[in-house]
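Working through the structure, step by step
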Amino acid sequence: MVGKNCFAIASDRRLGVQLQTIATDFQRIYKIHDKLYIGLAGLATDARPCNLMLTEQNHFLWHQRLVFRHNLYQLREERNMKPETFASLVSAVLYEKRFGPYFCQPVIAGLGEKDEPFICTMDSIGAKELAKDFVVGGTASESLYGACESMYKPNMEPDELFETISQALLASVDRDCLSGWGGHVIVVTPTEVTERKLKGRMD
């Protein structure tokens, strides 16, 4: 969700196999650099970085490929990747595997030039969906759209943005039996990053 020269990215913390809960502290949001984050909803083995796990022979999970490519870009260009550029990179990586896709739905959020917030999401083969207010993904996306549409307003300050995205997340996961067990919210401004854990219904 976008605010005034800031953005917030949030996720629930449940990892499950259909109705069976496996873990209640699962991480879905990953840092690329100080002003760029990616959230990964979907199949945990495709989304979660793990140094020992391979999806095919000599092929690391794609999150690590993204970090690796960003580091190469940083070495070559001597600057961090812009969010728009990173979104195109993620889209290309997903489209490369379109006939055996990664089962995940990325949500990308970052601050670009002049600290303008950028957000986008895409499907499992890299078709981008850009927005100026908010984007959603995962099993609770239908209820998230309704909650975000009713609560969002433009040019929110970081504190108000945190409160809005937190309330929208908690209200939405309560309406989806495959999501929940609290939340993880990161608010990014040009000068600082604030990370908080939310307590939600534990059922």
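Remember, it's a predicted structure, so these values are computed and weren't measured experimentally.

**Section: the pairing of strand β1 (residues 7-12)**
Note on strand geometry: in a regular strand, side chains alternate between the two faces of the sheet. The buried fraction of β1 amounts to five of the six residues, a majority that puts the element mostly inside the structure. Bridge count for β1 against strand β11 (residues 183-188) is six bridges, and the pairing is antiparallel. Paired with I9 across the bridge in β11 is I186.

**What about the sheet that holds strand β10 (residues 128-131)?**
Taking strand neighbours across the sheet as the criterion, the five strands line up as β4-β5-β8-β9-β10 in an open arrangement whose pairing is antiparallel. In this open sheet, the two edge strands, each paired with only one partner strand, are β4 (29-33) and β10. Direction aside, the axes of adjacent strands within the sheet are offset by 20° on average. As paired strands, strand β5 (residues 36-42) and strand β8 (residues 104-111) are joined by seven bridges and run antiparallel to one another. Looking at the pairing, I38 lines up with I108 of β8. Running at roughly 10° to strand β9 (residues 117-122), helix α3 (residues 83-96) makes contact with β4, β5, β8, β9 and β10 of the sheet.

**So, the packing of aromatic side chains**
A full pass over the atoms with the stated rule returns two aromatic pairs. An aromatic cluster is defined as three or more aromatic residues linked by ring pairs; in this entry it consists of F134, Y145 and Y152. The aromatic ring of Y102 is capped on one face by K97, whose charged end is 5.9 Å from the ring centroid. Its guanidinium or amino end placed over the ring of Y95, R98 lies 4.4 Å from that ring's centre, counting from NZ or CZ.

**Section: the confidence of the model for the chain**
Mean pLDDT over the chain: 86, with 91% of residues reaching 70 or higher. Confidence drops under pLDDT 50 across residues 50-60; counting only partners more than four residues distant or on other chains, this segment forms 15 contacts.

Calculation rules
- Numbers given for residues are sequential positions, taken from 1 along each chain in its written order.
- Where totals are concerned, whole chains, interfaces and linings use all residues; where local detail is concerned, this predicted model gives features only for residues with pLDDT of at least 70, and gives and counts side-chain atom pairs only at 80 or more.
- To obtain the side-chain values, all non-hydrogen atoms of the structure were included, while hydrogens and water were left out.
- Type-normalised accessible area, obtained with a 1.4 Å probe on protein chains alone, sets the label of each residue: buried when under 20%, exposed when over 50%, and partly exposed for intermediate values.
- Helix and strand assignments follow DSSP, with helices taken as H or I runs no shorter than four residues and strands as E runs no shorter than two, numbered in order from the N terminus.
- Two strands pair under a simple rule: DSSP has to find at least two bridges between them.
- Simply put, an axis is a line fit to the C-alpha atoms, just over the touching stretch for a helix, and the angle between two N-to-C directions goes from 0 to 180 degrees.
- The contact definition used throughout considers only heavy atoms, calling two residues in contact when any of these lie within 4.5 Å.
- Whether two aromatic rings pair depends on their centres lying within 6.5 Å, for rings of Phe, Tyr and Trp, where Trp uses its six-membered ring; planes under 30 degrees apart make the pair stacked, over 60 edge-to-face, and the rest tilted.
- Here, over-ring charges are defined by two tests on the NZ atom of lysine or the CZ atom of arginine: distance to the ring centre within 6 Å, and angle to the ring normal within 35 degrees.
- The score called pLDDT rates the predictor's confidence residue by residue, from a low of 0 to a high of 100.

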